[in-house]
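Chain by chain, the residues:
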Amino acid sequence: MRHLINPMDLSTEEVNNILALAKKIMANPEKYAHVCEGKKLATLFYEPSTRTRLSFEAAMLNLGGKTLGFHSADSSSASKGESVADTIRIINCYADIVAMRHPKEGAPLVASKYSRIPVINAGDGGHMHPTQTLTDLLTMSELNGRLENLTIGFCGDLKFGRTVHSLINAMVRYPGVKFVLISPEELKIPAYLREETLDAKGIPYKEVSNLEAVMPELDVLYMTRVQKERFFNEEDYIRLKDTFILDKKKLENAKQDMYILHPLPRVNEIAVEVDDDPRAAYFRQAQFGVYARMALIITLLGLADKEV
Ligand code: CP
């Protein structure tokens, strides 16, 4: 029985197997339409979500399973003071697998300690978002055609952006990967990530504040929203929120085969005029998220080897 709390819980081989399975599902979805018949996915979302919760639900429904859950702490007994540990013990009585999003870093890890069924971290505070990472890996693997030898520019809120932290951790395993970290001073990546992951593993990276200057170098531009909900005061958020706005003009020097990713939701950081650019991949990325989660559910339920 496996949980997925941090992308590093999966070996490179396991990640590659999940991506390979996702591609098989994409090529032949009807073949997998009954794999999870009789299984239930519980979505426990203590924080708002559109893509993650609904793509998990779509994934389970596509596999022939069923879903149940709550979409806010207010609509669950957390509002009466029930702990995560007690909640997960109860959900174990109702479901076969759980996806949990929580504003507190480490809450899905706590849940996993009390759970007899797989717990998937669907985003914990400003920490990790491993299923977004699988989505991003699948997107790059499909669009760029490789995960090796990529120069990835992360732009925006690299301090609170959990999708960035997760993806950096996952990408350092692939040879030839370089990072360009584009942010204002206040929103640089956390020191632990710089020291324990990038410096410790000798990964090439640079930290800059000018997006246009580095644009020609990038194979992937990963834009992020400034995470309003993680700021301690609104004044700082307002000052920083529009630091980077990607528009057509800024893309003039970008490679023709560079892809623009964004975990979404977008606020102002990508102008709507960019959506028609063939390099804009963020809506395709959301579609890849369904297949990545289908493959993950099958894998964690131990159904990957089942003949279909
Ligand atoms: N990418 C992502 O986590 O989006 P949601 O917050 O809508 O789930």
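None of these values were measured; they are calculated from a predicted model.

**What about the packing of helix 1 (residues 12–27) against helix 5 (residues 130–143)?**
Right, on to step 1. Two numbers describe how helix 1 lies on helix 5: the axes approach to 10 Å, and their chain directions differ by 65 degrees. Judged on the interaxial angle alone, helix 5 and helix 1 are roughly perpendicular. Remark: the crossing between helix 1 and helix 5 carries right-handed chirality. Together, Val 15, Ile 18, Leu 19, Ala 22, Lys 23 and Met 26 of helix 1 and Leu 134, Leu 137, Leu 138, Ser 141 and Glu 142 of helix 5 make up the contact between the two elements.
Right, on to step 2. Taken together, the residues that form the contact of helix 1 with helix 5 break down as eight nonpolar, one polar and two charged.

**Some points on helix 10 (residues 282–300)**
Right, on to step 1. Over its 19 residues, helix 10 extends 26 Å from the first C-alpha to the last, a length consistent with the 27 Å expected when each residue adds 1.5 Å.
Right, on to step 2. Most of helix 10 is tucked away, with 14 of its 19 residues classed as buried.
Right, on to step 3. With its phi angle positive at about 75 degrees, Gly 302 sits one or two positions after the end of helix 10.

**What about the domain arrangement of the chain?**
Right, on to step 1. Domain assignment breaks the chain into domain 1 (7–128 + 288–300) and domain 2 (130–286).
Right, on to step 2. Between the C-alpha centres of domain 1 and domain 2 there is a distance of 24 Å.
Right, on to step 3. Taken together, the contacts link 33 residues of domain 1 with 29 residues of domain 2.
Right, on to step 4. Interface of domain 1 and domain 2: buried area, both sides summed, is about 2600 Å²; carbon and sulfur atoms make up 60% of it.
Right, on to step 5. Among the residues of domain 1 in contact with domain 2, Arg 51, Met 128 and Phe 288 are the three that bury the most area, contributing 28% of the side total.
Right, on to step 6. On the surface where domain 1 and domain 2 come into contact, there are two salt bridges.
Right, on to step 7. Residues Arg 162 and Glu 47 are paired through a salt bridge, measuring 3.3 Å at the closest nitrogen-oxygen approach.

**Let's talk about the side chain of Arg 162**
Right, on to step 1. Within the fold, Arg 162 resides in helix 6 (residues 162–171).
Right, on to step 2. Here Arg 162 falls in the buried class, since its relative accessible area comes to 8%.
Right, on to step 3. Engagement of the side chain of Arg 162 in a polar contact is seen with the side chain of Glu 47, the distance being 3.3 Å.

Definitions and cut-offs
- Numbering of residues starts from 1 in every chain and runs along the sequence as written.
- Given that the model is predicted, a residue must reach a pLDDT of at least 70 before its local features are reported, and side-chain atom pairs must reach 80 or more before they are shown or counted; all residues, however, enter totals for whole chains, interfaces and linings.
- Derived side-chain values reflect all non-hydrogen atoms in the structure, with water molecules and hydrogen atoms excluded from consideration.
- With axes taken as lines fitted to C-alpha atoms, and helix axes fitted only over the stretch in contact, angles between N-to-C directions fall between 0 and 180 degrees.
- Where helices and strands are cited, they refer to DSSP runs of H or I of at least four residues and of E of at least two residues respectively, numbered from the N terminus.
- Working rule for angles: under 35 degrees goes down as roughly parallel, over 145 as roughly antiparallel, 65 to 115 as roughly perpendicular, anything else as oblique.
- Helix crossings get a hand from a simple test, with the near helix turned counterclockwise from the far one by less than a right angle marking a left-handed crossing and a clockwise turn marking a right-handed one.
- Whether two residues touch is decided by their heavy atoms; if any such pair falls within 4.5 Å, the residues are in contact.
- The residue classification treats Ala, Val, Leu, Ile, Met, Phe, Trp, Tyr, Cys and Pro as nonpolar and Asp, Glu, Lys and Arg as charged. All others, Gly included, are polar.
- Multiplying 1.5 Å by the helix residue count minus one yields the expected span of that helix.
- Burial classes: relative accessible area under 20% of the type maximum marks a residue as buried, over 50% as exposed, and values in between as partly exposed (1.4 Å probe, protein chains only).
- Boundaries between domains were set according to an automatic or database domain assignment.
- A 1.4 Å probe defines the accessible area here, and the buried area is the portion of it lost by two parts on being joined, summed over both.
- Should a side-chain nitrogen of Lys or Arg be within 4 Å of a carboxyl oxygen of Asp or Glu, the pair is scored as a salt bridge.
- N or O atoms closer than or at 3.5 Å make up a polar contact, with two conditions inside protein: a donor-capable atom paired with an acceptor-capable one, and, for residues adjacent in sequence, both atoms drawn from side chains.

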